[in-house]
Amino acid sequence: MSKFWSPFVKNLVPYVPGEQPKLAKLVKLNTNENPYGPSPKALAAMQTELNDNLRLYPDPNSDLLKQAVARYYGVQGNQVFLGNGSDEVLAHIFHGLLQHDQPLLFPDISYSFYPVYCGLYGIEFDAVPLDEQFQINPSDYAKPNGGIIFPNPNAPTGCLLALDAVEQILKASPDSVVVVDEAYIDFGGETAITLVDRYPNLLVTQTLSKSRSLAGLRVGLAVGHPDLIEALERIKNSFNSYPLDRLAIVGAAAAFEDREYFEKTCRLVIESRDKVVGQLEAKGFEVLPSAANFIFARHPKHDAAGLAAKLREQGVIVRHFKQERIAQFLRISIGAPEQNQALIDGLGDL
Ligand SMILES: *Cc1c(COP(=O)(O)O)cnc(C)c1O
């Protein structure tokens, strides 16, 4: 702490991202990255863009990418907002759309960045407990609120909320913004973007970090009513005119155009997930039903922190959250087949 800090900084509690180890050899199953790598067409587009034009600023509106996203989802360009990763998009959403008198609602077990944004922007929140099966119960959100946000599938549980349940939440709070954070939707869910024309209070966020394997590029997006998007554009244009660089714009646009590669790699992750779930269950783990590229599992006889430490000794890193209710769970990303095998081998005979 220093006397030079703005006063509010001393009370900030920052988000702690999963470890990015400097040792290359580790089997990294801790931050839900995609094992298959970006579309070759995205890489080629970025290579072509790697030229003297980098001396010029990028298009501040990233129109090429906005149009690619709009085409992909069958919406208009003015229904799409883009940012430097969906974390930045979420930050602008909290700042521009969720700062109201009533508390913001989100699940007690959820993306741990949400309370951090609340701290940053001075937003009161009310954490709504998941039910006994770690599921979101839509009727728990039918109470006065200044906004609602939840990941779907939820993180770190991986559990999916059906689209009609999402709709139930939207209908119960027509005067609040409902944000559905679809970071993992492509691994087994149905996007709520199909509902944006019917619900002006719905905002859906997505990222290219997981299903499109571009975590290093930092591209995220939101789709919703043009009035919601307009608020986000105001924030963005008061913060950073150029959140997406030239490489990110062309690379992300090409990734959206390459449907075939995207669908193939998502399918591979889903197949691996089903296999890993079976293998873990055979070892006695309880695994929550996952529609994501990770699974959330606990063993009735082995302490989660101990298992994580044991795996680390074998060179496999998974994520463990020291949080009430989920302290006995491990969150394990689905990797390439040989990485998943290293996980199973590393656990050994339990
Ligand atoms: C990974 C993740 C994000 C952030 O994605 P980026 O686009 O890489 O910033 C947002 N929400 C949830 C629930 C995530 O798991």
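Conventions we followed
Residues numbered from 1 in each chain as written. Predicted model: local features only at pLDDT ≥ 70, side-chain atom pairs only at ≥ 80, totals over all residues. Heavy atoms only, no water. Salt bridge = Lys/Arg side-chain N within 4 Å of Asp/Glu carboxyl O. Helix = DSSP H or I, 4+ residues; strand = E, 2+ residues; numbered from the N terminus. Buried < 20%, exposed > 50% of the residue type's maximum accessible area, 1.4 Å probe, protein only. Domains from an automatic or database assignment. Contact = heavy atoms within 4.5 Å. Buried area = accessible area lost by both parts, 1.4 Å probe. Nonpolar A, V, L, I, M, F, W, Y, C, P; charged D, E, K, R; others polar. Pairing = 2+ DSSP bridges. Right-handed = clockwise from strand over helix to strand, strands pointing away. Core = buried A, V, L, I, M, F, W, Y, C linked by side-chain atoms within 4.5 Å. Near = heavy atom within 4 Å. Polar contact = N/O pair within 3.5 Å; in protein donor to acceptor, adjacent residues only side chain to side chain. Areas by Shrake-Rupley, 256 points an atom, 1.4 Å probe, with all protein chains shown as cover. Patch = residues over 30% accessible without salt bridge, like charges linked within 9 Å, V, L, I, M, F, W, Y side chains within 5 Å. Axes fitted to C-alpha atoms, helices over the stretch in contact; angles between N-to-C directions.

Chemist: Report on the pattern of salt bridges, specifying residues and quantitative values.
Modeler: Where side chains of opposite charge bring their charged atoms close, a pairing between them can arise. Applying the stated criterion to the full structure yields 12 salt bridges. Of the charged contacts in the structure, one is a salt bridge between D186 and R212, with a shortest N-O distance of 3.8 Å. Of this pair, D186 sits in the loop between strand 6 (178-181) and strand 7 (202-207) while R212 sits in the loop between strand 7 and strand 8 (220-224), placing them 26 residues apart in sequence. Take D186: its relative accessible area is 22%, and that puts it in the partly exposed class.

Chemist: How would you summarise the domain arrangement of the chain if you had to cite specific residues and measurements?
Modeler: Parsing the chain into structural domains produces domain 1 (18-37 + 260-347) and domain 2 (40-257). Relative placement of domain 1 and domain 2: their C-alpha centres are 25 Å apart. In this complex, domain 1 contributes 27 residues to the contact, which on the side of domain 2 involves 27 residues. It is F262, A291 and R325 that lose the most area in domain 1 upon contact with domain 2, and together they represent 31% of the buried surface on that side. Our enumeration of links across domain 1 and domain 2 arrives at 1 salt bridge. The partner of D108 in a salt bridge is R325, with the nearest N and O atoms 2.9 Å apart. Going through the elements one at a time, helix 8 (259-282), strand 10 (294-298) and strand 12 (329-333) are the ones with two or more residues in the side of domain 1 that touches domain 2. A per-element tally of the side of domain 1 that touches domain 2 places helix 8 first, with 6 residues. Here the residues of the side of domain 1 that touches domain 2 sort into 15 nonpolar, 6 polar and 6 charged.

Chemist: Report on the pairing of strand 5 (residues 148-151), specifying residues and quantitative values.
Modeler: Burial along strand 5 is two-sided: I148 and F150 and I149 and P151, pointing in opposite directions, are all buried. Here 4 bridges tie strand 5 to strand 6, and the two strands are oriented parallel to one another. Counted as the bridge partner of P151 is D181 from strand 6. Between the parallel pair strand 5 and strand 6, the chain is carried across by helix 5 (residues 163-172), and the sense of this crossover is right-handed.

Chemist: Run through helix 2 (residues 63-73), naming residues and quoting values.
Modeler: Turn by turn, an α-helix covers 3.6 residues, leaving residues three or four places apart pointing in a common direction. Among all positions of helix 2, only L65, K66, A68, V69, A70, Y72 and Y73 are buried. Following helix 2 by one or two positions, G74 has its phi on the positive side, about 65 degrees.

Chemist: So, the environment of I123: which residues are in play, and what are the values?
Modeler: Structurally, I123 is set in the loop between helix 4 (113-121) and strand 4 (125-128). Residue class for I123 comes out buried when judged on its relative accessible area of 8%. On a C-alpha basis, the gap between I123 and V13 in space is 14 Å, while along the polypeptide they are 110 residues apart. Ignoring sequence-local partners within four residues, the contact set of I123 consists of F94, L98, Q99, L104 and C118.

Chemist: For the nonpolar core, give the residues involved together with the corresponding values.
Modeler: Within the largest apolar cluster, 86 residues are counted, with the highest numbers of intra-cluster contacts made by L65, F150, L202, F256, L280, V318 and L343. Among the domains, domain 1 (18-37 + 260-347) and domain 2 (40-257) are the pair contributing at least three residues each to this core. Filtering out sequence-adjacent residues up to four positions away, L280 remains in contact with F285, V287, I295, A297, I332, I344 and L347. If you look at the next biggest cluster of nonpolar residues, it comprises 27 residues, including L104, V177, L203 and A231.

Chemist: Provide a residue-level description of unusual backbone geometry, including the pertinent values.
Modeler: Cis peptide bonds are those with omega within 30 degrees of zero, and the linkage from N152 to P153 qualifies with -5 degrees. Position of P153 among the secondary structure elements: in the loop between strand 5 and helix 5. Phi is positive for S62, which is not a glycine, with a value near 45 degrees. Taking relative accessible area as the criterion, S62 reaches 4% and is therefore assigned buried.

Chemist: Tell me what's going on with the site of the ligand, and back it up with residues and numbers.
Modeler: The environment of the ligand is made up of G85, S86, D87, L90, Y111, D181, A183, Y184, T207, S209, K210 and R218. S86 places a main-chain nitrogen or oxygen 2.6 Å from an oxygen atom of the ligand. For the ligand, an oxygen atom lies 2.6 Å from a polar atom in the side chain of S209. For the ligand, whose accessible area on its own is 390 Å², the fraction buried by protein is 93%. Here the shell around the ligand is built from residues that sort into 4 nonpolar, 4 polar and 4 charged.

Chemist: I'd like a rundown of a nonpolar patch on the surface, residues and numbers included.
Modeler: Judged by side-chain polarity, M1, F4 and W5 come together as a nonpolar surface patch covering roughly 460 Å² of accessible area. By secondary structure assignment, the location of F4 is in the segment before strand 1 (27-28). Overall, the relative accessible area of 71% leaves F4 in the exposed class.

Chemist: An account of the sheet that holds strand 9 (residues 286-287) is requested, with residue identities and associated values reported.
Modeler: As summarised here, the arrangement of the 3 strands in space is 9-10-12, forming an open sheet in which the pairing is antiparallel. Strands with a single pairing partner mark the edges of an open sheet, and in this sheet they are strand 9 and strand 12. Looking at chain direction, strand 10 and strand 12 are connected through 5 bridges and run antiparallel. Residue pairing for strand 12: R298 is matched across the bridge by F329. Relative to strand 10, helix 8 is tilted by about 10 degrees, and along the sheet it contacts strand 9, strand 10 and strand 12.

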